[in-house]
Amino acid sequence: MRMSAHDDVAALLGSAAARVVVGVTGPPGAGKTTLARSLVDEFTSRLGSAAVGYVPMDGYHLPNAVLDRLGRRDRKGAPDTFDAAGFVATLRRIREGLDDVYVPDFDHTAGEPISGSLVVPASARLVIVEGNYLGLDVPDWRDVRQVLDRLIYVDADAETRRERLLNRHIAAGKTDAEARAWIEAVDEPNAELIATTRARADTIVD
């Protein structure tokens, strides 16, 4: 189904009596963070800050020291470089809506999660969850989809995505060559995996 994500969320809010949890997913560089933050901003403007929460999956990256110990630092961003179980447990608590829930954000410059830097208020009517693997149908990740009322998949052509990723990696300190190598070795294999989750989404946004 193709429609405006903002209209889709507004319609869902209008028909639901309880908290609404919306996931925004898609491959690296597709624009999912931009869309997720746009949704947060719009509905915060409409409903007030106490009515909207934001949960970035990137906050559940394992710290670099842990990735080094596990030998996974060279493919950071792959599904097994996140605390998937912790992410799911937090989403279930958010789903219940009984209390304020503090969640981690991610510092893209430092490349590290920031514990407890965001809060989903107990009063939130809408919670936007954003990340690569929200629709992934594998152990540890498949339970995410069950927590979401709606899953929006953000897509973009490969050239656009790769250009955005190149700029992002260079801004984070990689050389042009290092950035291109990382895109080929890590980002694009992840993008291929994420593309398999497109069919599990309710709404597609290009």
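- The name an unreviewed UniProt entry assigns to the chain is Phosphoribulokinase/uridine kinase domain-containing protein, from the organism Gordonia rubripertincta NBRC 101908.

## Overview of the packing of aromatic side chains
Turning to step 1, where the next piece is worked out: With the rule as written, the count across this model stands at five aromatic pairs.
Turning to step 2, where the next piece is worked out: Judged by centre distance (5.1 Å) and plane angle (55°), the rings of Y60 and F87 are tilted. Placement of Y60 in the loop between β2 (52-56) and α3 (64-70) and of F87 in helix α4 (residues 84-96) is noted, with a sequence separation of 27 residues between them. Judged on exposure class, the residue Y60 and its partner F87 are both buried.
Turning to step 3, where the next piece is worked out: Ring centres 5.9 Å apart and planes at 80° place the aromatic pair F82 and Y133 in the edge-to-face group. Residue F82 is found in the loop between α3 and α4, and its partner Y133 is found in the loop between β5 (126-130) and α5 (143-147); the two are separated by 51 residues along the sequence.
Turning to step 4, where the next piece is worked out: The structure contains a cluster of three or more aromatic residues connected by ring pairs, namely Y60, F82, F87, Y133 and W141.

## Quick look at the pattern of salt bridges
Turning to step 1, where the next piece is worked out: Counted by the stated rule, this structure contains 14 salt bridges.
Turning to step 2, where the next piece is worked out: Notably, a salt bridge pairs R72 with D80, separated by 3.9 Å at the nearest N-O pair.
Turning to step 3, where the next piece is worked out: Linked through salt bridges whose partners overlap, the residues forming this network are R72, R75 and D80.

## A closer look at the sheet that holds strand β1 (residues 20-25)
Turning to step 1, where the next piece is worked out: If you trace the five strands from one edge of the open sheet to the other, you get β2-β5-β1-β6-β7, paired in parallel fashion. The open sheet has two free edges, formed respectively by β2 and β7 (203-205), since each of these has just one partner strand. Sheet twist, expressed as the mean angle between neighbouring strand axes with direction ignored, is 20°.
Turning to step 2, where the next piece is worked out: Note that β1 and β5 share five bridges and pair parallel. Pairing of V22 across the sheet is with I128, part of β5.

The rules we used
Residues numbered from 1 in each chain as written. Predicted model: local features only at pLDDT ≥ 70, side-chain atom pairs only at ≥ 80, totals over all residues. Heavy atoms only, no water. Phe/Tyr/Trp six-rings, centres within 6.5 Å; stacked < 30°, edge-to-face > 60°. Helix = DSSP H or I, 4+ residues; strand = E, 2+ residues; numbered from the N terminus. Buried < 20%, exposed > 50% of the residue type's maximum accessible area, 1.4 Å probe, protein only. Salt bridge = Lys/Arg side-chain N within 4 Å of Asp/Glu carboxyl O. Pairing = 2+ DSSP bridges. Axes fitted to C-alpha atoms, helices over the stretch in contact; angles between N-to-C directions.

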